[in-house]
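Architecture at a glance
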Amino acid sequence: MRTSIATVSLSGSLTEKLDAAARAGFDGVELFENDLLASPLTPEDIRARCADLGLRIDLYQPMRDVEAVPEAEFARNLRRARHKFELMRRLGADTVLVCSSVSPQAVDDDALAAEQLARLAGLAAEYGIRVAYEALAWGRHVSTYDHAWRIVETAGHPALGTCLDSFHILSRAFGPADLEGIAAIPGEKIFFLQLADAPLLAMDVLQWSRHYRCFPGQGGFDIAALVRHVLATGYDGPLSLEVFNDVFRQAEAGPTAVDARRSLLLLQEAVGKAILPDPVVPTGVAFAELVTPDAEPLADLLGALGFTRTARHRGKPVALWEQGDARILVNTGPAARRDGPRLAAIGLESPDPAGAARRAEALLAPVLPRRRAPRDAPLDAVAAPDGTELFFCATGRPDLPDWRADFADTGLPPARADIRGIDHLALTQPWHHFDEAALFHRGVLGLDAQESVDVADPYGLMRSRAVTNADGSVRIALTVGAAPTDDTVHAQHIALATDDVVAAARRFRDAGGRLLPVPANYYDDLAARFEFADGELETYRDLGILYDRDAHGAFRHCYTRTVGRVFFELVQRDGGDGGDGGYRGYGAANAPVRLAAQHTARALTGG
Ligand SMILES: O=C(O)c1ccc(O)c(O)c1
Ligand SMILES: [Mg+2]
């Protein structure tokens, strides 16, 4: 199927929008009138530019407040329409969108609306143009797709059809039955299909539409169900994204267009219109890689946590630190920036690394060179939207290249066994790519996205959304910080799983590690909310251990100080004995206290 995107969905000048759409692989655009009006290019220039880029102008829009008005007013509308049809001829655009009137002048008279739309279509036909009539959810008298279709049917003009827009339909739909009316529309009378998702918000529908639309799969609507209904009519026009969104208006057009196309590819897959390589869900975290210009502070921290430097890369300044199944690479090579340690790569244990990379590539993820150096084992890797490198790896599987083969053992014996493995990784996302990141991890990696939670930070709001595999052996918390420049607090972190957080925290402290202090007020509140054994709360207070509980079990966790852009968390999830995996969350209830404590620690010590 052809894919298209509305110019309103991308930021920048018309030229930038067209370039971005073409580079992301779209076949066409909906040209928004404002983008044309603001462009120094002539309609002929725009036409030529689109042709050069391989883009069709699938729709020109919008024409507003045309129908069901007094005759004198309608005559003026026709005059306006003639100008636009002439313009469209110069652009080479053959379909115009007319949205249902919001004008106070419009009357509630379907027969009049049909008659005037038929006359408009008659004029359009003289120019070889088709008119697609769309019900705005807030239209004055026409606000539902079936109402718009009845008017189109009554008009009975071959150059008049309807435009279906998933937002207007699903923002008002009350259940699956509301989509059944689509079957009554002959496919050839659906002139255009616009797609937008949206988070499920309780608000005025116009504001919701103009500010919060997002790409399919990023909100709460069942876009695939709607598209299946539309395809069943025989509709064979483009799938077109029409997304009004405050964030996309500011974000760079190039990445937004890629995000947009990925969402359409996933949608096409969901409705059986695209064959992509199957998802290969990762089965564990093979390693997390930190890059740092100075290994010293990290070595101190990892040593205090009980990690041992078990191996060294054969060709590069990369050390492997291990404890239990937690493996951390510390890379002091050229990738390290001067701004201190950061989490640069994740090794995901994959049942089929090459297959995982093929799917990622089909979904427009940048593929990284398989060998970073000539002697390295060939590893499949792609970049996530935030730039984190994702390696699809195998650890100790004879049939596949083993990333560990690049490392020579140091022979150092394990120091401790406090840590079992990596519980989760928290990755800070660029603020304008948060929805994209969730869709990427879901669609590309086959992880499940949990609900997004908002957490109060003393200086703003932090949003967090976890993506996980079914057994919880891969958990990634995608977060977006309140203050984008505040790297110390809004750092990446590695949460380490332990069966005894008190013992692990004590040994860390005894080894010279610094735990994040937590205010006494927090513990007074804990005492009010939960019952603890004698002395338990004092232990937590002493170590800075935070506590939470859900229906599945208890959660105890504490934090190290931040080094560069990285800190560690020690995590104990209880209640998994019944086989349900125990506590499911990430301690969101405690996050405001933790964030405040990190701000305080930073103000006091700069770290
Ligand atoms: O918000 C609007 O006015 C508007 C205009 C054109 C559309 O196709 C639409 O869905 C909304
Ligand atoms: Mg629309």
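Thresholds, definitions, all that
Residues numbered from 1 in each chain as written. Chains lettered and ligands numbered in written order. Predicted model: local features only at pLDDT ≥ 70, side-chain atom pairs only at ≥ 80, totals over all residues. Heavy atoms only, no water. Helix = DSSP H or I, 4+ residues; strand = E, 2+ residues; numbered from the N terminus. Buried < 20%, exposed > 50% of the residue type's maximum accessible area, 1.4 Å probe, protein only. Contact = heavy atoms within 4.5 Å. Areas by Shrake-Rupley, 256 points an atom, 1.4 Å probe, with all protein chains shown as cover. Lys, Arg positive; Asp, Glu negative; His and termini not counted. Charge placed at Lys NZ, Arg CZ, Asp CG, Glu CD. Patch = residues over 30% accessible without salt bridge, like charges linked within 9 Å, V, L, I, M, F, W, Y side chains within 5 Å. Salt bridge = Lys/Arg side-chain N within 4 Å of Asp/Glu carboxyl O. Donors = N, O, S within 2.8 Å, 3.2 Å for Na, K, Ca; no water. Tetrahedral: all angles 85-135°; square planar, octahedral: opposite > 155°, others 65-115°. Domains from an automatic or database assignment. Buried area = accessible area lost by both parts, 1.4 Å probe. Polar contact = N/O pair within 3.5 Å; in protein donor to acceptor, adjacent residues only side chain to side chain.

1. Considerations on the overall build of the protein chain
If you tally the helices and strands in the protein chain, you get 18 helices and 25 strands. The principal-axis extent of the C-alpha atoms belonging to the protein chain is close to 85 × 60 × 45 Å. Relative to its 607 residues, the protein chain shows a buried fraction of 57%. Taking the intrachain contacts of the protein chain between residues at least 6 apart in sequence as the baseline, contacts between residues at least 24 apart amount to 74%. With the model as given, the accessible surface of the protein chain reaches about 24,300 Å², and the carbon-plus-sulfur share is 50%. Once the 63 positive and 83 negative side-chain charges of the protein chain are each reduced to a mean point, those two points are 4 Å apart.

2. Considering a nonpolar patch on the surface
The grouping of L201, M203 and Y212 at the surface amounts to a nonpolar patch, some 240 Å² of accessible area in total. One can find L201 in the loop between strand 7 (190-195) and helix 8 (205-212). Taking the relative accessible area as the measure of exposure, L201 reaches 34% and is therefore partly exposed.

3. Examining the coordination of the magnesium ion (ligand 2)
Of the protein atoms, only E134 (OE), D165 (OD), Q194 (OE1) and E242 (OE) coordinate the magnesium ion (ligand 2), at distances of 2.0 to 2.2 Å. Viewed at the metal, the 6 donor atoms of the magnesium ion (ligand 2) are separated by angles of 77 to 176°, and the geometry they form is octahedral. Mapped onto the sequence, the residues coordinating the magnesium ion (ligand 2) show the spacing E-x30-D-x28-Q-x47-E. Note that D165 is positioned in strand 6 (residues 160-165) and E242 in the loop between strand 8 (239-241) and helix 10 (246-250), a separation of 77 residues in sequence. With relative accessibility at 2%, the residue E242 sits in the buried group.

4. Observations concerning the domain arrangement of the protein chain
The domain architecture assigned to the protein chain consists of domain 1 (3-270) and domain 2 (284-605). Each of domain 1 and domain 2 has a C-alpha centre, and the two are 44 Å apart. Counting residues at the interface gives 16 residues for domain 1, matched by 16 residues for domain 2. A combined buried area of about 1,400 Å² lies between domain 1 and domain 2, and 63% of that area is made up of carbon and sulfur atoms. The three residues of domain 1 that bury the most area against domain 2 are Q218, R262 and L266, which together make up 40% of that side's buried surface. The tally of links from domain 1 across to domain 2 stands at 2 salt bridges. Across the contact surface, domain 1 and domain 2 share 4 residue pairs in polar contact (both at pLDDT 80 or more). Only helix 10 and helix 11 (253-270) provide two or more residues apiece to the side of domain 1 that touches domain 2. The element that contributes the greatest number of residues to the side of domain 1 that touches domain 2 is helix 11, accounting for 9 residues.

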